[in-house]
Amino acid sequence: MPSSQPKIKLENLIKIYGQNPQRALKLFQEGGNRDNILEATGNVLGVANVSLSIEEGELFVVMGLSGSGKSTLVRCINRLIEPTSGQILIDGEDVTRVDQERLREIRRTKVSMVFQRFGLLPHKTVLENVEYGLKMCGLPLAERHEKAQHMLDVVGLHQWANYAPSSLSGGMQQRVGLARALATEAPILLMDEAFSALDPLIRREMQDELMRLQSELKRTIVFISHDIQEALRIGDRVAIMKDGHLVQVGTPEEIVTNPVDGYIAAFTQDVNRAQVLKTGSIVRQTVPFILGKGSARAALDQMQGNALTRMHVVDRHGKPIGILNQAELQNAVTSNVQDVESVMSTDFPVVKASTSLEEIFHLARFGVPMAVINRSGKFKGVVEQSDILASIGRLSNDKADVPQALSTAV
Amino acid sequence: MIPDIFNWLFFNQSSQIIPLGDWISAAVAWVVVNFRWVFQLIRIPISHTLNAIEAFLQWLPPILFIAVVVLFAWQFATRKIAILSLFAMVAIGMIGAWTETMTTLSLVIVAVLLCIVVGLPLGIASARNNRAEAIIRPMLDAMQTLPAFVYLVPVVMLFGTGKVPGVIVTFIFAVPPLIRLTNIGIRQVSEETVEAALAFGSTPKQMLWEVQLPLAMPTILAGVNQAIMLALSMVVIASLIAVEGLGQMVNRGIGRLDVGLAAVGGLGIVLMAIVLDRITQNVGKSSQNSLNWRDRGPWGALRKLTSQRRPSVSTP
Ligand SMILES: Nc1ncnc2c1ncn2[C@@H]1O[C@H](COP(=O)(O)OP(=O)(O)O)[C@@H](O)[C@H]1O
Ligand SMILES: [Mg+2]
């Protein structure tokens, strides 16, 4: 997926709020932190020297407590807030240097945005809201009606087109906000705490919706959140901010398993690890038996050679199609059965490497090892119940996590 | 010691230390001599508009005028206000103040139009630019607190007497709230809404027309309503510089100690004020009403009637 250059690249981004940012900037470069800059100059350090790259098609989450500079960071990308220093490259173009005309062009065609409190225009209907970005581009009425109507279909609100936004529930209003942002077909989507104002149930629904849309539309999304659960759940990668600084950037699994410091560890302490960890991270690589490459005898040899009691069988494309049990295979060989297919059992669980551990707990209870497959369906290895328990036991500081995680999974 | 100095400074002088009054007199005299032609030029469009509107209103049969106002009130305000307007206007006619009312109304209309033409852009400018606001604001303070008699004389010196200077003094008195409320209305548009519009690439012009003006409209209409009310309250003062109409009735009544005549003029002003106030106030409100204007009032009644005959037209 990563192309030659990142979609968005921030380099040494600094934002200082206040009257005399240049003095504060100097102080910062001499090693001042947020508190002593505030004390000396009265200026607030919003974003402190952040550099990061966001790849095309990535759902990138920026997570941090309130006041950590997330909104400032995301607003610098489309320059709703003017950065004090540093570069912001979108497709290699430094947006901090473009003029107003070009900036509007970028906002219309490249970067769109979803707001925490929806930011809908209260005097316009739902449809007019969705077509707002298209109107700014100067699209003719009929065309933008059609596109907006289509976008409303996508978010499931087509029958609400002619209502005022205020007559919709919060979740529905944010769907309108999402439709408006998607309608311009801008490849980059900025979402500032887009789901934070919603009830937990609705929020979860919207997260699912976003992930569904993302799997189809493949935009580059910068998603701001103050909720670590949300961040780890939806993010391809997660950046954690503190007092304007970037503390750690990594995949959800890296953040959970490898926190760089106590701050992050404290954050992830209450996270249900079984939800974050993917099956792929604990898979045991084994060599499967390829159907057609030899008789039952050969299979038995391979099994004994690898000291296995059970072994998966794959077809010529690497797709798991059965599982062999050592005792049964032994019986077959002694009674001279050659055909592996007649010996193997086809009743075994198959899980994708990207599935979270929480979702495979209930399969582990059958006692049969699970075949783990990669994205294209090829056999990757096996996971057994003991592997799952071991990984969670190893990772949690608190042993009480295990039964709790188990009980939620079942 | 110090009190002595102040006593000397303030009271013991044969003339003022700062002869402000002399300066202003000199300045006005200079402007009159050198720039009277500018003000005579400004006169022309105002005078033409005013004459046309007044001629039209005087020509219009009262019954037609009343019908139009009542239907308008019913459509865009409420039926109650329509009925109120009907009674008020009939009363004006029956106390013998119809002609004067039309004259005054035309002056109010032109003054308020001038307020909108000048005040709206100034209000927008002060909303978008803090420096413009800092300049405009003290001027508005002066316009609102300075007694009208103080600027009556210079206005007459520049424009002469008659209707046009009447419009000008009325304008000076009535425009401040419109500018202030336009400014407030635009500044009150929520930051998130403005930010969202910006994020989708709105130009300043698009921002104004698509977001700021529509959302400020109820406040701006309140400003227009205020301007109308203030314009009406200037009518009597305007009559001092030979403006005809209801104000002149009051003026003459006072001059001849004719209490009746003065009361008739005064009542005319009050009735007109009530009608204009109720209608303009509710036009602003009903636009926020969820019911489409086509479904209300006489138009709605008409539509209902016709759609009963053709029931297939109705939409869900
Ligand atoms: N307009 C502003 N003027 C001054 N300080 C600001 C302004 N906006 C934000 N800040 C400060 O910058 C810091 C980061 O704010 P913000 O980016 O909104 O954080 P977050 O979105 O993570 O809650 C906070 O300390 C906040 O008080
Ligand atoms: Mg924020």
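Residues numbered from 1 in each chain as written. Chains lettered and ligands numbered in written order. Predicted model: local features only at pLDDT ≥ 70, side-chain atom pairs only at ≥ 80, totals over all residues. Heavy atoms only, no water.

## A look at the confidence of the model for chain B
All names here are of chain B. Spelled out, the test is: Note: pLDDT gives the predictor's confidence per residue, expressed from 0 to 100. Helix numbers and strand numbers start at the N terminus; a helix is a DSSP run of H or I with at least 4 residues, a strand a run of E with at least 2. Here a residue-residue contact requires only that any non-hydrogen atoms of the pair lie within 4.5 Å.
Looking at chain B, pLDDT values average 89 and 94% of them are 70 or higher. Of all secondary-structure elements in chain B, the lowest mean pLDDT belongs to helix α14 (residues 297–309), at 76, while helix α5 (residues 98–128) reaches the highest, 96. Low pLDDT (under 50) marks residues 311–316, which in the prediction has zero contacts with non-local residues, meaning those over four places away or in another chain. Under the prediction, the complex receives an ipTM of 0.79, its pTM being 0.80.

## Quick word on the sheet that holds strand β11 (residues 289–290) of chain A
Residues and elements named next belong to chain A. The cut-off we apply is this: At least two DSSP bridges between two strands are needed for those strands to be called paired.
Spatially, β11-β12-β13 is the arrangement adopted by the three strands of the open sheet, whose pairing is mixed. What marks the edges here is a single partner per strand, and that holds for β11 and β13 (320–325). As judged from the five bridges shared by strand β12 (residues 310–314) and β13, these two strands associate in the antiparallel manner. When the sheet's bridge partners are listed, V313 is paired in β13 with G322.

## Quick look at the UniProt feature "transmembrane region" (unreviewed entry) in chain B
Residue and element names in this part refer to chain B. The cut-off we apply is this: UniProt positions are given in the numbering used here, feature names are shortened, and annotations may be inferred rather than shown by experiment.
Per the UniProt annotation, the sites labelled "transmembrane region" (unreviewed entry) are residues 59–74, 81–99, 105–127, 148–175, 227–247 and 259–276. Note that residues 59–74 is 88% helix and 0% strand, and that its end C-alpha atoms are spaced 24 Å apart. The straight-line gap between the two end C-alpha atoms of residues 148–175 is 13 Å; of that span, 89% is helix and 0% is strand.

## Focus on the site of ligand 1
Residues and elements named next belong to chain A. What counts here: Here a residue is considered near a molecule or strand provided that any single heavy atom belonging to it is located within 4 Å of it. Counting of polar contacts relies on pairs of N or O atoms within 3.5 Å, with two restrictions inside protein: one atom must be capable of donating a hydrogen and the other of accepting it, and residues adjacent in sequence are counted only when both atoms are side-chain atoms. Every accessible area reported is derived by Shrake-Rupley at a probe size of 1.4 Å, with residue values counting cover from the shown protein chains alone. Only Asp, Glu, Lys and Arg are considered charged, only Ala, Val, Leu, Ile, Met, Phe, Trp, Tyr, Cys and Pro nonpolar, and every remaining residue, Gly among them, polar.
With respect to spatial proximity, the complete set of residues near ligand 1 consists of Y17, R34, V44, L65, S66, G67, S68, G69, K70, S71 and T72. G67 is positioned with one of its backbone polar atoms (N or O) 2.6 Å from an oxygen atom of ligand 1. For ligand 1, an oxygen atom lies 3.1 Å from a polar atom in the backbone of G69. Computed on the free molecule, ligand 1 has an accessible area of 560 Å², of which 60% lies beneath the protein chains in the complex. If you tally residues by element for the shell around ligand 1, the top one is helix α3 (residues 70–77), at three residues. Residue composition of the shell around ligand 1, by class: three nonpolar, six polar and two charged.

## Topic: the side chain of S225(A)
All names here are of chain A. Heads up, the condition is: For each residue, the accessible area found with a 1.4 Å probe, counting protein chains only, is set against the maximum for its type, and the residue is called buried under 20%, exposed over 50%, and partly exposed in between.
In this structure, S225 sits in strand β8 (residues 220–225). We classify S225 as buried; its relative accessible area is 0%. In terms of polar contacts, S225 uses its side chain to reach the side chain of E230, at 2.7 Å.

## Section: the interface of chain B and chain A
Worth spelling out the cut-off: For any pair of parts, buried area is found by adding up, for both, the accessible area (1.4 Å probe) each one loses once the two are put together. Any carboxyl oxygen of Asp or Glu that lies within 4 Å of a side-chain nitrogen of Lys or Arg is treated as forming a salt bridge with it.
Taken together, the contacts link 17 residues of chain B with 26 residues of chain A. Taking both sides of the interface into account, the surface hidden between chain B and chain A amounts to around 1,800 Å²; carbon and sulfur atoms contribute 60%. It is E192(B), F200(B) and E210(B) in chain B that bury the most area against chain A; as a group they hold 40% of the surface buried on that side. The tally of links between chain B and chain A comes to three salt bridges. The interface formed by chain B and chain A holds nine residue pairs in polar contact (both at pLDDT 80 or more) in total.

## Considering the UniProt feature "domain: ABC transmembrane type-1" (unreviewed entry) in chain B
Per the UniProt record, "domain: ABC transmembrane type-1" (unreviewed entry) is found at residues 101–280 of chain B. The straight-line gap between the two end C-alpha atoms of residues 101–280 of chain B is 18 Å; of that span, 87% is helix and 0% is strand.

## A look at the packing of aromatic side chains
Note the threshold: Side-chain rings of Phe, Tyr and Trp, where Trp is taken by its six-membered ring, are said to pair if the distance between their centres is within 6.5 Å; with planes under 30 degrees apart they count as stacked, over 60 as edge-to-face, and otherwise as tilted. For a lysine, the NZ atom is tested; for an arginine, the CZ atom; a charge sits over a ring if that atom is within 6 Å of the ring centre and within 35 degrees of the ring normal.
Applying the stated criterion across every chain, the model contains nine aromatic pairs over all chains. Between W30(B) and F35(B) the ring centres are 5.6 Å apart and the planes differ by 65°, which places this aromatic pair in the edge-to-face class. Taking the relative accessible area as the measure of exposure, F35(B) reaches 33% and is therefore partly exposed. Over the ring of Y263(A) we find K242(A), and its NZ or CZ is 4.6 Å from the ring centre.

## Comments concerning the layout of surface pockets
Think of a ball as big as a water molecule: rolled over the atoms, this probe shows where empty space is left. Residue and element names in this part refer to chain A. For clarity, the threshold we go by: Computed over the protein atoms alone on a 1 Å grid, cavities are sets of points where a 1.4 Å probe fits but cannot get out and pockets are open sets with protein on both sides within 12 Å along at least five of seven lines; a residue lines them when it has an atom within 4 Å of a point. Grid points are joined across faces, edges and corners, and a volume is the space filled by probe spheres set on the points.
If you add up the space inside the largest pocket, you get close to 1,500 Å³. Every residue lining the largest pocket is counted, 37 residues in all, and those nearest its centre are I234, G235, D236, K278 and S354. For the lining of the largest pocket, the leading source of residues is helix α9 (residues 200–217), giving five residues. Of the residues in the lining of the largest pocket, the class split is 11 nonpolar, 11 polar and 15 charged.

## With respect to the pairing of β8(A)
Residues and elements named next belong to chain A. For β8, the buried fraction is high: six of the six residues fall into the buried class. Residues T220, V222 and I224 line one face of β8 and the alternating positions I221, F223 and S225 line the opposite face, and both faces are buried. When strand β3 (residues 59–64) meets β8, the two strands line up parallel, connected through five bridges. Paired with F60 across the two strands is V222, which belongs to β8. Of the pairings in the sheet, the one linking strand β7 (residues 188–192) to β8 comprises five bridges and is parallel in character. Residue pairing in the sheet places D192 in a bridge with I224 of β8.

## Quick word on the pattern of salt bridges
All names here are of chain A. Across all of its chains, the model carries 30 salt bridges over all chains by this definition. A salt bridge links K9 to E11; the shortest N-O distance between them is 3.8 Å. Residue classification places E11 among the partly exposed positions, given a relative accessible area of 25%. Here K110 makes a salt bridge to D91, at a shortest N to O gap of 3.2 Å. Of this pair, K110 sits in the loop between α4 (100–109) and β6 (111–114) while D91 sits in the loop between β4 (85–90) and β5 (93–94), placing them 19 residues apart in sequence. Looking at K110, the relative accessible area reads 17%, which means it is buried. By relative accessible area, which is 28% here, D91 ends up partly exposed. Connected via shared salt-bridge partners are R175, E205, E209, R212 and E216.

## Observations concerning the packing of α5(B) against helix α12 (residues 246–255) of chain B
Residue and element names in this part refer to chain B. What counts is decided by this rule: In this analysis an axis means a line fitted to C-alpha atoms, helices contributing only their contacting stretch, and an angle means the value between N-to-C directions, from 0 to 180 degrees. Small angles under 35 degrees read as roughly parallel and large ones over 145 as roughly antiparallel, with 65 to 115 read as roughly perpendicular and the rest as oblique.
At a minimum axis separation of 7 Å, α5 and α12 run at an interaxial angle of 120°. Regarding the angle of α5 to α12, the classification is oblique. Along the contact surface, α5 presents E100, T101 and T104, while α12 presents L246, G247 and M249. Here the residues of the contact of α5 with α12 are counted per class, giving two nonpolar, three polar and one charged.

## Thoughts on unusual backbone geometry
A negative phi angle characterises most non-glycine residues, just as the trans form characterises most peptide bonds. All names here are of chain A. Even without a glycine there, the phi angle at K218 is positive, about 55°. Topologically, K218 is positioned in the loop between α9 and β8. With a phi close to 65°, N336 is a non-glycine residue in the positive phi region. Locating N336 in the fold gives a position in the loop between α15 (326–334) and α16 (340–343). Taking relative accessible area as the criterion, N336 reaches 59% and is therefore assigned exposed.

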